[in-house]
Every structure is written in structure tokens, then in C-alpha cells.
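Survey of secondary and tertiary structure
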Amino acid sequence: MSLPSFSSLLLLSLVMAMVAFVSSIQDFDLDLDLDLEGGRHKQREFDYFALALQWPGTFCQRTQHCCSSNACCRGSNAPTTFTIHGLWPDYNDGTWPACCTKSNFDPKEISTLNDALEQYWPSLSCSKPSSCHGGKGSFWGHEWEKHGTCSSPVVWNEYDYFLTTLNVYFKYNVTKVLNEAGYVPSNSEKYPIGGIISAIENAFHASPQIVCSKGAVEELRLCFYKDFKPRDCAVGPDIKIDMVTSKGSCPQYVSLPELASSGRDELQSWVADEVAL
Ligand code: U2P
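Just so we're clear, the structure is a prediction, and the values are computed from it rather than from any experiment.

On to the overall build of the chain, then. Scanning the chain from N- to C-terminus turns up 8 helices and 9 strands. Taking all 277 residues of the chain together, the buried fraction comes to 43%. Carbon and sulfur atoms make up 56% of the accessible area of the chain, which amounts to about 15,400 Å² in all.

Below, the structure written as C-alpha cells:
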């Protein structure tokens, strides 16, 4: 067998170098696709924001017992306007990213916002929601870890997430718009859901999404482009019209209940319990 010539050896090593180069490029692509964070695939950038608001008059009807973290139990100081549930980055197809980074909630980072958050973003329940990386935590911690961490490249840190949400909430005052249109809290009136939606569309030039429970408005969502200009919540080109509608789970006529007085009675027994301890 004759030995390979110098030129064929050179050709062979050139080919091998090219194969190694091409496969290193492919490995690099693969690394980008499989960029793991906290053991899960990195989630793609969201399409829009939903500002989710809750109606205490409906939520607080569910209060079984009281605790210091539940704003339903503040007696005459319980909230009587829509309060914040969260600012949610969403996809146009009706799904959403969640728990995107390992950034754990740190209450110290938002201590200067505490008073505003207690007033406008209170928990309306005593139960502790699950945190992203095991265990249970606060309502704010849950919202930051589940949704806030998915808000880049618009919002990058915890403080910005809460401040941005408060600012959007103040700018688009749903309670005021509804009151001015005659939709005031009442335990006897029922209002046409179409009228409520129109009042919001007229004020903000975008359709909200409304969620009901037993015929009462429970949650109302306003939606925004990434620059916080209002946009319709319900339909994008790639979502089926009946998947999410403005009316959500609501009947033709809905109620906007006043805050239940039972919360106040329970407050007294809760305060008494605390004092007795
Ligand atoms: O609607 C029920 C729960 O689903 C989560 N949700 C809903 C819509 C959406 O766009 N994004 C989203 O996360 C909410 O879960 P939470 O943030 O309360 O854990 C909502 O309560």
C-alpha cells in the first residue's frame, strides 16, 4: 500500500478543520435554543401587557376568616375601588410566560412603595400563593416572580415592575370611568355588560376583558402595547374569537357589588382574637 501524498494529507486536514468549524457553529445555535434558566427553557419575549384588576366587592364575599394580610378585613378602610391583581406579560395566542428567571422577591427593594402598594395592590385573601421556586410567599412576591420576571425587555427589575404597574393603574382609572358612566357599586342594580365595556372603550379606545363570578364582576383587565399605549385585550390575529371575549365569563347583565359588611363583622372578631393573644 502506497503512503498518502503530502497534498492529499493537506486536503484531508483542511476538510477535517472545516467539519470541526461547521459543527462548532451548530453547537453554538443549539446553545442559544436550549438556553436553560432555572432548569426550564428560556421563554420567548411576550407580546403585550394585561393590567389585571380585581373588584373587592366580589372578592370579599368569599372571605371566610380574617387575617392581617387580607384587605377585605380592614373594616371601613377596606378598598372600594378596583385594586391591582398584577401586570401580566401575555402572548397573542392567549397563553403567557411564567416564572422566567430565578430572581426571588425581596420586599426591601420596594419598601418605599409599601404604602401605595398596601392601598392599591393589597391581597384580598389570607391564603399564601405559591412562589415559583418552591414554597409559599406573599401576593406581591407571587406576582413579581410569576409575571414580573417575564417582563423584559420593558421592565428589568422588581422596583420598576411595581412602580410601572402603579403608574399605569393611576393613569387608567377604571373605577372613575365606570362611576362617571353611572356604573356605581350596588347590591341591587344589574348593569348591561355591553354598557360597561363601551364606557371603557370610549375612555381608553381599547376593549377590556371582564371576568365574572356568579354574575358579578370579579376582575377587569386592560391591555397595553409594550409602550403602554392601550390595545384590545381579546383578539389578535392568531386567537380564536370565542377563546377569549371581552365579556369573558359574564352574563348579559352583571352586578358590581358593594363591599360585604360581613368582612367588617369578622374584622371585629379578628381584632379581638389578636388582642386576646
Ligand atoms: O385566570 C386565572 C389565573 O390565571 C393566571 N393568568 C390568567 C390570564 C393571564 O393572562 N395570565 C395569567 O397568569 C392568573 O394567575 P395568577 O397571576 O393569579 O397566579 C389568574 O389568576
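Interpreting fine coordinate detail is not advised for predicted regions of low pLDDT. Averaged over the chain, the pLDDT score is 83; the fraction of residues at 70 or greater is 74%. Contacts for the low-pLDDT stretch residues 271-277, under 50 throughout, to residues beyond four places or in other chains number 0 contacts.

Below, the discussion takes up the site of the ligand. In the vicinity of the ligand, the contacting residues are H85, W88, D90, W96, H142, E143, K146, H147 and R221. A distance of 3.3 Å is found between an oxygen atom of the ligand and a side-chain nitrogen or oxygen belonging to E143. One of the side-chain nitrogen or oxygen atoms of H147 is found 2.5 Å away from an oxygen atom of the ligand. Burial of the ligand by the protein amounts to 69% of the accessible area it has alone, namely 440 Å². If you list the elements that add at least two residues to the shell around the ligand, you get β4 (83-90) and α4 (139-146). Partitioned by chemical class, the residues of the shell around the ligand number 2 nonpolar, 3 polar and 4 charged.

Okay, the state of the cysteines next. All told, the structure shown has 7 disulfides when counted by the stated rule. Two residues, C60 and C72, share a disulfide whose sulfurs are 2.0 Å apart. As the torsion about the S-S bond is roughly -80°, the C60-C72 disulfide counts as left-handed. Residue C60 is located in the loop between α2 (56-59) and β4, and its partner C72 is located in the loop between α2 and β4; the two are separated by 12 residues in the primary sequence. This pair shows no difference in class: C60 is buried, exactly as C72 is. Between the sulfur atoms of C99 and its disulfide mate C132 the distance is 2.1 Å. Residues C99 and C132 are joined through a disulfide that is left-handed, its torsion about the S-S bond being -75°. Pair noted here: C99 is in the loop between β4 and α3 (114-120) and C132 is in the loop between α3 and α4, with a separation of 33 residues, a long-range link. Grouping residues by exposure puts C99 and C132 together as buried.

Conventions and cut-offs
- Residues numbered from 1 in each chain as written.
- Predicted model: local features only at pLDDT ≥ 70, side-chain atom pairs only at ≥ 80, totals over all residues.
- Heavy atoms only, no water.
- Helix = DSSP H or I, 4+ residues; strand = E, 2+ residues; numbered from the N terminus.
- Buried < 20%, exposed > 50% of the residue type's maximum accessible area, 1.4 Å probe, protein only.
- Areas by Shrake-Rupley, 256 points an atom, 1.4 Å probe, with all protein chains shown as cover.
- pLDDT = per-residue confidence, 0-100.
- Contact = heavy atoms within 4.5 Å.
- Near = heavy atom within 4 Å.
- Polar contact = N/O pair within 3.5 Å; in protein donor to acceptor, adjacent residues only side chain to side chain.
- Nonpolar A, V, L, I, M, F, W, Y, C, P; charged D, E, K, R; others polar.
- Disulfide = S-S within 2.5 Å.

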